[in-house]
Amino acid sequence: MAIRVYIDQGHNPQSPNTGAERNGLTEQEITYEVGRLLYEKLQADPNYVARLSRPTPTTQLGTSNAGSLRARVEGAEEFGADLFLSIHTNAAVNSAASGSEALVYRVDSTAGRIGESLLRSMTRLTGLRNRGVIARPGLYVLRKTSMPAVLMEIGFISNPGDAALMRDDPELFAEGIYRGLNAYYGF
């Protein structure tokens, strides 16, 4: 039986909920592209069935921040996902902050173990620092899903090096996540 993965490309192309903007890049464009590339990998693999929260670059979810988040969770629930995977970029005031993180409701959980596998594979390919799995129980998409949910902060859009890698080689991030899923599920 194929694993059903709901790929949530964080943020919207326009307000509300557009995400971070730094180094001439927007979070929603990066997350759209990495999610699209991951979707193609999963759909080509008979072990998975995938769905995108934003199937086109102009797909807008919700008319408010709360509505956008609710639409993402509802989409995963309607799809019957086995995993909710949200893709984001991080941002910090200090432009030296760098690396990748996996945010989960609880670290000692299925989502936490999936997050560890995704980070291991992705950081091995990208060369970015593995900043670990972090509990963020207040995040709506981690709190409201009935399936394991992992929010991947793939790199810092505020760091010139991370930003350039996300802009120039989004394929590396998608491939790293894909390999992490295969490692976790034993494919």
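See above for the structure.
This text gives an overview of the structure that appears in the document. Model, not experiment: these values are computed from the prediction.

**A word on the environment of G19**
Relative to the helices and strands, G19 resides in the loop between strand 1 (3–9) and strand 2 (21–22). Judged by relative accessible area, G19 falls into the partly exposed class, the value being 27%. Separated by 72 residues in sequence, G19 and A91 have C-alpha atoms that sit 9.6 Å apart. With near-sequence residues (within four places) excluded, G19 lies in contact with H11 and E27.

**Concerning the pairing of strand 1**
Most of strand 1 sits inside the fold, with six of its seven residues counted as buried. Judged from the five bridges that link them, strand 1 and strand 4 (residues 48–52) form a sheet pairing that is parallel. Along strand 4, the bridge assignment pairs R4 with V49. Inspection of the sheet shows strand 1 paired to strand 5 (residues 83–90) by five bridges, in the parallel sense. Residue pairing for strand 5: Y6 is matched across the bridge by F84.

About the criteria used
- Residues numbered from 1 in each chain as written.
- Predicted model: local features only at pLDDT ≥ 70, side-chain atom pairs only at ≥ 80, totals over all residues.
- Heavy atoms only, no water.
- Helix = DSSP H or I, 4+ residues; strand = E, 2+ residues; numbered from the N terminus.
- Buried < 20%, exposed > 50% of the residue type's maximum accessible area, 1.4 Å probe, protein only.
- Contact = heavy atoms within 4.5 Å.
- Pairing = 2+ DSSP bridges.

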